[in-house]
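Each chain, letter by letter, is given below.
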Amino acid sequence: MTSTTTARTPGRTNKPQGQWAVDGRAPLNPNEEFKAADNGLNVRQRIIDTYAVEGFDSIPDDDLHGRFRWWGLYTQRKQGIDGARTSKLAADELSDKYFMMRVRLDGGAVSTEQLRVLAQISVDFARDTADISDRQNIQYHWIRVEDVPEIWRRLNEAGMDTVEACGDTPRVIMGSPVAGIAADEIVDPTPVIDQIKARYLNNPEFSNLPRKFKSAITGHPSLDVVHEINDISLVGVRHPELGAGFDLWVGGGLSTVPRLAERVGVFVRPEEAAEVWAAVVSVFRDYGYRRQRTRNRLKFLIADWGVARFRQVLQDEYLHRALPDGPAPEPSRGGSDHVGVHAQADGRVWVGLAPTVGRVSGSLLHELADLAEQADSRRVRFTPHQKVLVLDVDPERADTLVGQLAERGLHARPSVFRRGTMACTGIEYCKLAFVETKGLAAHVVDELERRLGDLGLTEPLSINLNGCPNSCARIQVADIGLKGQLIAGEEFGFQVHLGGGLADDTREGGELGRTVRGLKVSANDLPDYVERVVRRWIEQRNESE
Ligand code: SF4
C-alpha cells in the first residue's frame, strides 16, 4: 500500500518533515533512529530470553526507554521524587526499576474468567494495583521485568495481551461498551474491532508509525467513545440508501496542542471498515511527520492538508476507489458513560458502575467477577470514562448486585461528582507528572459530596485532573479541567480550563475548554475552588446549561 508519490506538499517549506513518502526514510531524531534500527515488536523475545533472566540492569537504554513501550511497559517513577525535580532529572534518574504495565483490552471487553486472570496478576505481581484507564485498558504498577514472561503467559492463555499497548503503534481500539447489547444500537462495532486486531496488530507493517495512533469505533447513538479526540474514529450512522455503517473522523487529539477530529464526509460500510482503518493508518505511516516528536500526531498532517486532500490521497493512493458521501451522526442524547441499570435488547440489564477516578485493585476485580457471576453475568466491559459495566445481568438480581458493589466502592447510582471526575496516573507513578492526581481527585469528590450533596444536582458535570500538560485525562474537554504545572515560585498546582465538552454530553459538537487566564489553584485550595465554581454555575446558569 505504500505510496509511490514524490510530490511535495504545495506551500510547505523544503525542510524535511520526515515523511516517508516525501522525504525518504532517513531518521531525523533519536526515536526514529531506534525504530529504524530494530522494530519495537522484536523486544518481546529479548525480554523473555535475556532481561527477565539477567534482570533490570541488563536492559540497554534503547529497549528500556524505547521498545519496551511496544509491549505496554514504561518505567515507573521513582518513589519520593517531588514535582519540582520532574523536569530537572534525566529519565534514568526519575525511573524506578519497576514498570507500569498496560494491558490492552480492545473494546474494553473481558469475560469474568479473563477478569479473574487480570485480578490474580495484580495480586501476584503488581502489589494489588489496577487502574481502569480512560482508554479501556487496565494498568498495573510495580511490575518487575523478571515476572513479565509469566504475566504474558497468563494473559495469552486467557486471550489477552499487552502488544502495542504503548509506543508509536495503533494503540487499543476503543469500542462502545454496550456493543451488541443495546436496543438502540445502530451498528455493532465488534466484528470490525476483531478484524483489525487479527489483521493489523502485532504486524510489522503497522508497528513503526510516526507517533501513537488512537482509534475509536462505536455504533451507539450516545456517541460513547469520545470520537472527537482520536486519530481515527468510526461512528455509527444510517445511510438513506446504503443502510447502517460508519462516518469516518480523523485528526483528533489533545495533549499540549489540542485539536478536535473532523469528519472526512465518507460513508464506510461495516464490511470494509477494517480495510479503511488500515488505509488511514497507512497514510499516517507514509505521510505523517517524523521530524519533531511534539508535532507528529495525525492531527498536524490534517491541519496542513485539510480533510479534502486527505480523502483524495486515501482514496487514490491507498483504497484505489472512491468512498460514497455519507451523513453525519445524530446529536447524542447523553448517557454515554452508561452508568446505572439499563435494559438490554434481550431483556436482561447491564449495570454501569463508577469506581472513584478509575482506581480499583486486583482483590476488588476478583470480587467483581464473583458477584457478577452470582447475578448470572459472564461479561464485563470497561469504558472510556474510567467506568465498568456488568452485562447480561438477570433483572431480578440487579438490585442485589448494585447494593453489593456499592459496599465495595463501585457505585451504580453515584453522585454527579463521583460519576464525572477522572484523573490520570499523576505523580504517584508517572515520570512526567508534577502533581498528585488520583488521591487528590478522590478527596475533592468526597468534599463536594459533603458540601454540595444536599443540592441534589443531576446534570452531568465533568472534573478532570492531569498531573502535567499531556492531557491523559482530557482536561481540555471537561467542564472543569485541571492541568498540573508550576503555579508560582517552586509551588506546583493546577492551571484551570473551564467550559470544555464533547458531543457525548449532548452538546451540538465537541468544544475545547477556555484556559482561565492566569487562574492557578494549589492542591490545598482545590476543594474550595471547585465548590465555588459549581455554586456560581448553579446560580448563574440558563436553561440550556
Ligand atoms: Fe503522566 Fe501527564 Fe499523562 Fe498524567 S497527563 S499520566 S502526569 S503524562
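Residues numbered from 1 in each chain as written. Predicted model: local features only at pLDDT ≥ 70, side-chain atom pairs only at ≥ 80, totals over all residues. Heavy atoms only, no water.

What follows concerns the side chain of Thr-75. Considering the arrangement of structural elements, one finds Thr-75 in strand β1 (residues 73-77). A distance of 3.0 Å separates a polar atom in the side chain of Thr-75 from a polar atom in the side chain of Ser-95. A polar side-chain atom of Thr-75 sits 2.8 Å from a polar atom in the side chain of Lys-431. Filtering out sequence-adjacent residues up to four positions away, Thr-75 remains in contact with Phe-56, Leu-64, His-65, Ser-95, Asp-96, Tyr-98, Phe-99 and Lys-431. (Helix = DSSP H or I, 4+ residues; strand = E, 2+ residues; numbered from the N terminus. Polar contact = N/O pair within 3.5 Å; in protein donor to acceptor, adjacent residues only side chain to side chain. Contact = heavy atoms within 4.5 Å.)

A cluster of acidic residues, Glu-33, Asp-61, Asp-62, Asp-92 and Glu-93, forms a negative patch at the surface. Positionally, Glu-93 belongs in helix α5 (residues 91-94). By relative accessible area, which is 42% here, Glu-93 ends up partly exposed. (Patch = residues over 30% accessible without salt bridge, like charges linked within 9 Å, V, L, I, M, F, W, Y side chains within 5 Å. Areas by Shrake-Rupley, 256 points an atom, 1.4 Å probe, with all protein chains shown as cover. Salt bridge = Lys/Arg side-chain N within 4 Å of Asp/Glu carboxyl O. Lys, Arg positive; Asp, Glu negative; His and termini not counted. Charge placed at Lys NZ, Arg CZ, Asp CG, Glu CD. Buried < 20%, exposed > 50% of the residue type's maximum accessible area, 1.4 Å probe, protein only.)

Turning our eyes to something else, we now look at the sheet that holds strand β4 (residues 129-132). In sheet architecture, strand pairing relies on hydrogen bonds along the backbone and comes in two forms, parallel and antiparallel. Reading across the sheet, the five strands line up as β1-β2-β5-β4-β13 and stay open at both edges, with antiparallel pairing between neighbours. Taken across any chain shown, the strands that pair with only one partner, and hence form the sheet edges, are β1 and β13 (359-361). Neighbour-to-neighbour, the strand axes of the sheet open up by a mean angle of 35°, direction not taken into account. Inspection of the sheet shows strand β2 (residues 95-103) paired to strand β5 (residues 138-143) by four bridges, in the antiparallel sense. Bridge pairing links Arg-102 to Gln-139 in β5. (Pairing = 2+ DSSP bridges. Axes fitted to C-alpha atoms, helices over the stretch in contact; angles between N-to-C directions.)

Further remarks concern the sheet that holds strand β6 (residues 170-175). Taken in spatial order, the five strands line up as β6-β7-β8-β9-β10 in an open sheet, and their pairing is mixed. Single-partner strands in this sheet number two, and they are β6 and β10 (262-268). Across this sheet, the average inter-strand angle for adjacent strands is 25°, counted without regard to direction. Looking at chain direction, strand β7 (residues 213-218) and strand β8 (residues 232-239) are connected through four bridges and run parallel. Residue Thr-218 lies in a different strand from β8, and its bridge partner there is Val-235. Lying over the sheet, helix α9 (residues 273-287) contacts β6, β7, β8, β9 (243-250) and β10, oriented at roughly 160° with respect to β7. In this fold helix α11 (residues 307-319) packs onto β9 and β10, with an angle of close to 35° to the strand it touches most, β10.

Turning our eyes to something else, we now look at the pairing of strand β14 (residues 379-382). In this sheet, β14 lies alongside strand β3 (residues 109-111) in antiparallel orientation, the contact comprising three bridges. Across the sheet, Ala-109 pairs through a bridge with Arg-381, a residue of β14. Bridge analysis of β14 against strand β15 (residues 388-393) gives three bridges, and the strand direction is antiparallel. The partner of Arg-381 across the bridge, within β15, is Leu-389.

One pass over the structure, following the stated rule, counts 46 salt bridges. Its salt-bridge partner being Glu-32, residue Arg-290 comes within 3.0 Å of it at the nearest N-O pair. Of this pair, Arg-290 sits in the loop between α9 and α10 (298-305) while Glu-32 is found in helix α2 (residues 30-37), placing the two residues 258 residues apart along the sequence. Among the salt bridges present, the one from Asp-325 reaches Arg-311, with a minimum N-O distance of 2.8 Å.

Here we come to the environment of Ser-111. One can find Ser-111 in strand β3. Residues Ser-111 and His-141, spaced 30 residues apart in sequence, show a C-alpha to C-alpha distance of 23 Å. Not counting chain neighbours up to four residues away, the residues in contact with Ser-111 comprise Arg-378 and Arg-379.

Running from amino to carboxyl end, helix α6 (residues 112-125) crosses helix α7 (residues 148-157) at an angle of 165°, the nearest separation of the two axes being 10 Å. Taken together, the axes of α6 and α7 lie roughly antiparallel to each other. Handedness of the α6/α7 crossing: right-handed. Between α6 and α7, the contacting residues are Val-117, Leu-118, Gln-120, Ile-121, Asp-124 and Phe-125 on the first element and Glu-150, Ile-151, Arg-154 and Leu-155 on the second. By residue class, the composition of the contact of α6 with α7 is six nonpolar, one polar and three charged. (Parallel < 35°, antiparallel > 145°, perpendicular 65-115°, else oblique. Left-handed = near helix turned anticlockwise from the far one by under 90°. Nonpolar A, V, L, I, M, F, W, Y, C, P; charged D, E, K, R; others polar.)

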